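Each chain is listed here by its residues.
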Amino acid sequence: MTAYFGFTCTGSSDDGRERQITTDISPTYVKQILELQEAGATEEDLHPIVSEAITESYFTEWGTRADGLRADFTAVSSISFRF
């Protein structure tokens, strides 16, 4: 995905900026995304769950760093999934 990411975290020194990210996400999130798509969710409806998935896998490295960090994205240029 390519989007503008901003961050919320105590003590964060990482300013928001556009990033291109390629990462695996948890099967739990994949299931949620597919279920939401099947229920008619729009791309914008999926942003919060995709943001959580990317935060977990990419920014906090599966909970091993940046405890409490939340990454939100806006200005999405592209999102692509491979299952």
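Residues numbered from 1 in each chain as written. Predicted model: local features only at pLDDT ≥ 70, side-chain atom pairs only at ≥ 80, totals over all residues. Heavy atoms only, no water.

## Describing helix α2 (residues 43-59)
In the structure, α2 departs most strongly from a straight axis at isoleucine 49, where the bend amounts to approximately 30 degrees. Among the residues making up α2, those that are buried are Leu46, His47, Ile49, Val50, Ser51, Ala53, Ile54, Thr55, Ser57 and Phe59. Looking one or two residues beyond α2, the residue adopting positive phi is glutamate 61, at roughly 45 degrees. (Bend = angle between axes of the 7 residues up to and from the residue. Helix = DSSP H or I, 4+ residues; strand = E, 2+ residues; numbered from the N terminus. Buried < 20%, exposed > 50% of the residue type's maximum accessible area, 1.4 Å probe, protein only.)

## Here's the deal with a nonpolar patch on the surface
The grouping of Leu34, Phe81 and Phe83 at the surface amounts to a nonpolar patch, some 280 Å² of accessible area in total. Note that phenylalanine 83 resides in the segment after β3 (70-78). (Patch = residues over 30% accessible without salt bridge, like charges linked within 9 Å, V, L, I, M, F, W, Y side chains within 5 Å. Areas by Shrake-Rupley, 256 points an atom, 1.4 Å probe, with all protein chains shown as cover. Salt bridge = Lys/Arg side-chain N within 4 Å of Asp/Glu carboxyl O.)

## Focus on the packing of aromatic side chains
Each aromatic ring pair is characterised by the separation of its centres together with the angle its planes make. Scanning the entire structure with this criterion turns up 1 aromatic pair. Centroid distance tyrosine 58 to phenylalanine 59: 4.9 Å. Interplanar angle 85 degrees. Geometry classified as edge-to-face. Overall, phenylalanine 59 belongs to the buried group, its relative accessible area being 5%. (Phe/Tyr/Trp six-rings, centres within 6.5 Å; stacked < 30°, edge-to-face > 60°.)

## With respect to the pattern of salt bridges
As enumerated under the stated definition, the model contains 2 salt bridges in all. Lysine 31 is paired through a salt bridge with glutamate 35; the nearest N and O atoms lie 3.4 Å apart. Of this pair, lysine 31 and glutamate 35 both sit in helix α1 (residues 27-38), separated by 4 residues, roughly a single helical turn. Here lysine 31 falls in the exposed class, since its relative accessible area comes to 53%. Of the charged contacts in the structure, one is a salt bridge between glutamate 61 and arginine 65, with a shortest N-O distance of 3.3 Å. Residue glutamate 61 is classed as partly exposed on the basis of its relative accessible area of 39%.

## Topic: α1
Given 3.6 residues per helical turn, the α-helix brings residues three or four places apart onto the same face. Taking 1.5 Å of rise per residue, 12 residues should cover 16 Å, and α1 covers 16 Å from first to last C-alpha, within 8% of that figure. Listed as buried for α1 are Tyr29, Val30 and Ile33. The buried residues of α1 occupy one face: seen down the axis, they fall within an arc of 105 degrees. Of the exposed residues in α1, the ones pointing more than 90 degrees away from its buried face are Pro27, Lys31 and Glu38. For α1, the secondary structure elements touched by its buried residues are α2. Downstream of α1 by one or two residues, glycine 40 has phi in the positive range, about 95 degrees. (Expected span 1.5 Å × (residues − 1). Arc of directions from axis to C-beta. Contact = heavy atoms within 4.5 Å.)

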